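Topology and contacts: notes
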Amino acid sequence: MLDYHASPDLLNDKVILVTGAGDGIGREAALSYGAHGATVILLGKTVKKLEAVYDELLAQGSPEPAIIPLDLQGATKQHYLDMAETLKQQFGRLDGVLFNAGHLGVLGPFEMIGEDEWDKVMQINVKSQFLMTQALLPLLKATPSASIVYTSSGVGKQGRAYWGSYAVSKFATEGMMEVLADELDNTRVRVNCINPGATRTDMRARAYPGEDPATLRTPRDIIPLYLYLMGSDSQHVSGQSLDAQPDKIRPRAGQ
Ligand SMILES: NC(=O)c1ccc[n+]([C@@H]2O[C@H](COP(=O)([O-])OP(=O)(O)OC[C@H]3O[C@@H](n4cnc5c(N)ncnc54)[C@H](OP(=O)(O)O)[C@@H]3O)[C@@H](O)[C@H]2O)c1
């Protein structure tokens, strides 16, 4: 999928929400969706980062985006219901959601995982996307062809020592995708997961501080799969967990 070529107008007239759009893979996905014609809704925690992406989108000639500043740690069901209503009123539609925001938490022995840290990882990586999906489904179901993309990880497919709550949260994400994809079979909403694989971002640097980032693929390198799953070429693909870097997958590979 690294060599998928999206047509320039792949996402024309589509409205796509990206969580964690201010940095790393989410930032690149937002810019790329905008470059292919989408109106991108930028959701994230740090407003300055979202504003920078907003400006980049305008500078590259993409449709005017929108910003939703939201800390997924504190957000409640009502925040997501309000958000869905605002999107409905302002845009009248929603064609896709990339659930990309993620929290690494503390890596270390299972016995040492603190309850607060466990809750924080589960809140940001699992519960927020459960609540947001519930709130957004009516809008997604109303569009001719909608795509939900969750973000998994290698440690969400095979458990690995010291990856604790993060790994468990990514297993839960894979499970959420499978349950929802099965329920929405034969509807106009498709649901899939992407495992980005080792990618040059701040999160990766926090997980592997001794690694030379120059040895890693960049977010831009892995974007073809993100475009494929959001556009009409994947219209009949659902319930899949796809690797953005299939050539790099090794047994028991990290992150
Ligand atoms: N990079 C890799 O090698 C790799 C490998 C496998 C899976 N992944 C997954 O890929 C996704 C993107 O990761 P990345 O590497 O691009 O990480 P990143 O550069 O650290 O970006 C994470 C994004 O999530 C946002 N975020 C974190 N906590 C949030 C919160 N409480 N509320 C709202 N937004 C929040 C961040 O916003 P702020 O910047 O404002 O905090 C940031 O935009 C994650 O789900 C990660 O688990 C990454």
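Residues numbered from 1 in each chain as written. Predicted model: local features only at pLDDT ≥ 70, side-chain atom pairs only at ≥ 80, totals over all residues. Heavy atoms only, no water.

Moving on to the site of the ligand. Surrounding the ligand, one finds 30 residues, the nearest of these being Thr46, Lys49, Asn100, Tyr166 and Thr201. With respect to the ligand, the backbone of Gly20 contributes an N or O atom lying 3.2 Å from an oxygen atom. A distance of 3.3 Å is found between an oxygen atom of the ligand and a backbone nitrogen or oxygen belonging to Gly197. Look at the ligand: alone it shows 900 Å² of surface, and the protein chains cover 95% of it. (Near = heavy atom within 4 Å. Polar contact = N/O pair within 3.5 Å; in protein donor to acceptor, adjacent residues only side chain to side chain. Areas by Shrake-Rupley, 256 points an atom, 1.4 Å probe, with all protein chains shown as cover.)

Take the packing of aromatic side chains next. Considering all chains together, one arrives at four aromatic pairs under this definition. On the numbers, 5.3 Å between centres and 75 degrees between planes, the contact of Tyr4 with Tyr228 is edge-to-face. Of this pair, Tyr4 sits in the segment before β1 (15-19) while Tyr228 sits in helix α7 (residues 219-230), placing them 224 residues apart in sequence. Take Tyr4 and Tyr228: they sit in the same class, and that class is buried. Taking the centre distance of 5.8 Å and the plane angle of 55 degrees together, the rings of Trp163 and Tyr166 count as tilted. According to the relative accessible area criterion, Trp163 is buried, its value standing at 6%. A relative accessible area of 4% places Tyr166 in the buried class. (Phe/Tyr/Trp six-rings, centres within 6.5 Å; stacked < 30°, edge-to-face > 60°. Helix = DSSP H or I, 4+ residues; strand = E, 2+ residues; numbered from the N terminus. Buried < 20%, exposed > 50% of the residue type's maximum accessible area, 1.4 Å probe, protein only.)

In this section: the packing of helix α1 (residues 24-35) against helix α2 (residues 47-59). Relative to each other, α1 and α2 sit at 25 degrees, their axes nearing to 10 Å. Relative to α2, the element α1 lies roughly parallel. Along this stretch, α1 crosses α2, giving a crossing that reads as right-handed. Residue-level contacts link Arg27, Ala30, Leu31 and Gly34 of α1 to Val53, Glu56 and Leu57 of α2. (Axes fitted to C-alpha atoms, helices over the stretch in contact; angles between N-to-C directions. Parallel < 35°, antiparallel > 145°, perpendicular 65-115°, else oblique. Left-handed = near helix turned anticlockwise from the far one by under 90°. Contact = heavy atoms within 4.5 Å.)

The subject of this paragraph is α1. Over its 12 residues, α1 runs 17 Å from end to end, which matches the ideal 16 Å to within 8%, given 1.5 Å per residue. Of all the residues in α1, the buried ones are Gly24, Ile25, Gly26, Glu28, Ala29, Ala30, Leu31, Ser32, Tyr33 and Gly34. In the core, the buried residues of α1 are packed alongside β1, β2 (39-44), α2, β4 (96-99) and α7. Among the residues trailing α1, Gly37 stands out with phi positive, at a value near 105 degrees. (Expected span 1.5 Å × (residues − 1).)

A few words now on α7. Taking 1.5 Å per residue as the helical rise, α7 with its 12 residues ought to reach 16 Å, and the 16 Å between its terminal C-alpha atoms agrees with that figure. α7 sits mainly inside the fold: 10 of its 12 residues count as buried. Among all positions of α7, only Pro219, Ile222, Ile223, Pro224, Leu225, Tyr226, Leu227, Tyr228, Leu229 and Met230 are buried.

The next subject is the sheet that holds strand β3 (residues 66-69). Taken together, seven strands build an open sheet; the order of strands is β3-β2-β1-β4-β5-β6-β7 and the sheet is parallel. Strands at the two margins of the open sheet, each flanked by one partner only, are β3 and β7 (241-243). Averaged over all adjacent pairs, the angle separating strand axes in this sheet is 20 degrees, with direction ignored. Here β1 pairs with β2 via five bridges, running parallel. Considered in β2, the bridge of Leu17 is made with Ile41. Packed on one face of the sheet, α7 meets β1, β4, β5 (146-151), β6 (189-195) and β7 and runs near 170 degrees to β6. (Pairing = 2+ DSSP bridges.)

Which parts of space are left empty comes out when a probe the size of a water molecule is rolled across the atoms. Put simply, the largest pocket is a space of about 870 Å³. Contributing elements (two or more residues each) for the lining of the largest pocket: α1, β2, α4 (115-141), α5 (164-183) and α6 (202-207). Looking at the lining of the largest pocket element by element, the count peaks at four residues for α6. Residue classes in the lining of the largest pocket are distributed as 12 nonpolar, 17 polar and 10 charged. (1 Å grid on protein atoms, 1.4 Å probe; cavity = no way out; pocket = protein on both sides within 12 Å on 5 of 7 lines; lining within 4 Å. Points joined across faces, edges and corners; volume = space filled by probe spheres on them. Nonpolar A, V, L, I, M, F, W, Y, C, P; charged D, E, K, R; others polar.)

Attention now moves to the side chain of Arg204. Looking at where Arg204 falls in the secondary structure, it is placed in helix α6. In terms of polar contacts, Arg204 uses its side chain to reach the side chain of Glu211, at 2.7 Å.

With that settled, the discussion passes to the nonpolar core. Core analysis: the largest hydrophobic core is formed by 38 residues, its most contacted members being Leu17 and Leu136. No other element matches α4, which puts 10 residues into this core. Aside from chain neighbours lying at most four places away, what touches Leu17 is Ile41, Leu43, Ile68, Met83, Leu94, Gly96, Val97, Leu98, Met132 and Leu136. Core analysis: the second largest hydrophobic core is formed by 32 residues, Ala38, Tyr54, Leu98 and Val149 among them. (Core = buried A, V, L, I, M, F, W, Y, C linked by side-chain atoms within 4.5 Å.)

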